[in-house]
Amino acid sequence: MRLRDLAGAALVVPPPQRPHRIALERALRAAGVEWSVAVEAEGWPLTLHFVSLGLGLAVVNGCVTPTAGLVSRPLADLPDIPYYAFHRPGALDDPRVADLLTRTRTHLASPRRHDQAGWRWL
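What counts and how
Residues numbered from 1 in each chain as written. Predicted model: local features only at pLDDT ≥ 70, side-chain atom pairs only at ≥ 80, totals over all residues. Heavy atoms only, no water. Helix = DSSP H or I, 4+ residues; strand = E, 2+ residues; numbered from the N terminus. Contact = heavy atoms within 4.5 Å. Core = buried A, V, L, I, M, F, W, Y, C linked by side-chain atoms within 4.5 Å. Buried < 20%, exposed > 50% of the residue type's maximum accessible area, 1.4 Å probe, protein only.

A.B. asks: Outline the environment of A27, supporting the account with residue identities and numerical values.
C.D. replies: Inspection of the secondary structure assignment puts A27 in helix α1 (residues 19-30). Separated by 24 residues in the primary sequence, A27 and L3 have C-alpha atoms spaced 8.1 Å apart. With near-sequence residues (within four places) excluded, A27 lies in contact with L3 and L78.

A.B. asks: Can you explain the nonpolar core? Please cite residues and give values.
C.D. replies: Residues L3, L6, A9, L11, V13, L24, A27, L28, V33, V59, L75 and L78 constitute the largest nonpolar core, which totals 12 residues. Contributions of two or more residues to this core are made by β1 (10-13) and α1. Among the elements that line this core, the one with the most residues is α1, at 3 residues. Of all hydrophobic cores here, the second largest spans 9 residues; its members include V12, L48, F50 and V64.

In structure tokens form, the structure reads like this:
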């Protein structure tokens, strides 16, 4: 899918000051895509709920799992979003922290990551 496929859509979006909304608005504006706000929602669970009610479409991060009855499609022309893991010095002595960082690094390095990461619309 491309941003142009969202032309004319009513979208479920975060409030205007949220980073996801800012990035989405910039991308849609740069692509010349006209859209409208169906409803503003704070957080993925509420966003998914409003989409499931049929109030509009939503653009979500690739880590968001659609709830029953929803289908997601990857959006190809949005920028990658970097994520960072910070920890206290010595935190890797805790096996839970070390395991979390190892799992994160393994996931990010996996070939399947490209199927799961990025932006999607519901």
